[in-house]
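These are the residues of each chain, in order.
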Amino acid sequence: MINSNMKKVIIASKNPVKINATKKAFEEVFNDYFEFEGVSADSSVSDQPMSNKETLKGATNRLDNIQNLKADFFVSMEGGVDLLDDNYEAFAWIVISHKNKISKAKTATFPLPLKISKLIQEGYELGDADDIVFKRSNSKQQNGAVGILTDNVINRTDYYSHAIILALIPFTNTKLY
């Protein structure tokens, strides 16, 4: 059954974790009906963004690369790392657009183990470094570093979902923004 009030959300990724996080956040924030679609979108930055600035640029580029599609909301996420003292911390940027408004929010940051930081310095992506250190396969499309390191107290879906909810604030408080 097609609902005429159905709104479309396009996510700039086919990663099931990112699609599920978007779905969870939108369903918690809105009472509307949504259709969610993930599409591949190039970040035009390094496969492993190495700074806050590069990570935000990657999320913004992914969003720009899907804006030509037809949807009510566009959602982009880019995970990255940045040096804090002598060790890397991980985080992600969320960028959302709706009509002519863009909003951004960042996840919480968390420190990475020294073994993973060393592999990142050697050129590995965080997901690949996780797989090597924790002897897993394709962890970035599952619970990721945050899930592994917190023993799933914070899983990757919730980790992204909370930041998506924060990025939605200007769209739910339109009189203030």
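Residues numbered from 1 in each chain as written. Predicted model: local features only at pLDDT ≥ 70, side-chain atom pairs only at ≥ 80, totals over all residues. Heavy atoms only, no water.

Enquirer: Now, about the overall build of the chain: what can you tell me, with residues and values included?
Expert: Secondary structure assignment for the chain yields 7 helices and 6 strands. Along the chain direction, N to C, the helices and strands of the chain fall in the order β-α-β-α-β-β-β-β-α-α-α-α-α. Computed over C-alpha atoms, the radius of gyration of the chain comes to 16 Å, within 12% of the 16 Å expected from 2.2 N^0.38 for 177 residues, which places it in the range of a compact globule. Taking the principal axes of the C-alpha coordinates as reference, the chain spans close to 50 × 30 × 30 Å. When contacts within the chain are restricted to residue pairs at least 6 apart in sequence, those whose partners lie at least 24 apart make up 58%. When the accessible area of the chain is evaluated, it comes to approximately 9,600 Å², of which 49% is carbon and sulfur surface. Across the chain, the mean location of the 21 positive side-chain charges is 5 Å away from that of the 22 negative side-chain charges. (Helix = DSSP H or I, 4+ residues; strand = E, 2+ residues; numbered from the N terminus. Rg over C-alpha atoms; globule rule 2.2 N^0.38 Å. Contact = heavy atoms within 4.5 Å. Areas by Shrake-Rupley, 256 points an atom, 1.4 Å probe, with all protein chains shown as cover. Lys, Arg positive; Asp, Glu negative; His and termini not counted. Charge placed at Lys NZ, Arg CZ, Asp CG, Glu CD.)

Enquirer: I'd love a proper account of the pattern of salt bridges, names of residues and values included.
Expert: This structure, assessed with the given rule, holds 5 salt bridges. The residue Arg62 makes a salt bridge to Glu78 at a minimum N-O spacing of 2.5 Å. Highlighted residues: Arg62 in helix α2 (residues 52-64) and Glu78 in strand β3 (residues 73-84), separated in sequence by 16 residues. For Arg62, a relative accessible area of 18% translates into the label buried. (Salt bridge = Lys/Arg side-chain N within 4 Å of Asp/Glu carboxyl O. Buried < 20%, exposed > 50% of the residue type's maximum accessible area, 1.4 Å probe, protein only.)

Enquirer: Account for a nonpolar patch on the surface, naming residues and giving values.
Expert: On the surface, Leu166, Ile169, Leu176 and Tyr177 cluster together into a nonpolar patch covering about 430 Å² of accessible area. Residue position: Leu176 is located in the segment after α7 (169-172). The class of Leu176 is exposed, set by a relative accessible area of 68%. (Patch = residues over 30% accessible without salt bridge, like charges linked within 9 Å, V, L, I, M, F, W, Y side chains within 5 Å.)

Enquirer: If you had to explain the packing of helix α3 (residues 114-121) against helix α4 (residues 126-134) to someone new, which residues and values would you point to?
Expert: Between α3 and α4, the least distance of the axes is 9 Å, while the angle of their chain directions is 135 degrees. The angle between the axes of α3 and α4 places the two elements in the oblique class. Remark: the crossing between α3 and α4 carries right-handed chirality. Every residue of α4 that contacts α3 at Lys115, Ile116, Leu119 and Ile120 is listed here: Leu126, Ala129, Asp130, Ile132, Val133 and Phe134. For the contact of α3 with α4, a count of residues per class yields 8 nonpolar, no polar and 2 charged. (Axes fitted to C-alpha atoms, helices over the stretch in contact; angles between N-to-C directions. Parallel < 35°, antiparallel > 145°, perpendicular 65-115°, else oblique. Left-handed = near helix turned anticlockwise from the far one by under 90°. Nonpolar A, V, L, I, M, F, W, Y, C, P; charged D, E, K, R; others polar.)

Enquirer: An account of the packing of helix α1 (residues 16-29) against helix α6 (residues 156-167) is needed here, citing residue identities and associated values.
Expert: Running from amino to carboxyl end, α1 crosses α6 at an angle of 50 degrees, the nearest separation of the two axes being 8 Å. On the basis of the axis angle, α1 is oblique to α6. Read as a crossing pair, α1 and α6 show a hand that is right-handed. Within the contact between the two elements, α1 uses Val17, Lys18, Asn20, Ala21, Thr22, Lys24, Ala25, Phe26, Glu28 and Val29 and α6 uses Arg156, Thr157, Asp158, Tyr160, Ser161, Ile164 and Ile165. Looking at the contact of α1 with α6, its residues break down into 8 nonpolar, 4 polar and 5 charged.

Enquirer: Please give an account of unusual backbone geometry that cites residues and values.
Expert: Located in the positive-phi region is Lys99, a residue other than glycine, with phi close to 55 degrees. Residue placement: Lys99 occurs in the loop between β4 (87-98) and β5 (101-106). We classify Lys99 as exposed; its relative accessible area is 72%. Unusually for a residue other than glycine, Lys135 sits at a positive phi of about 50 degrees. Take Lys135: it is sitting in the loop between α4 and α5 (144-149).

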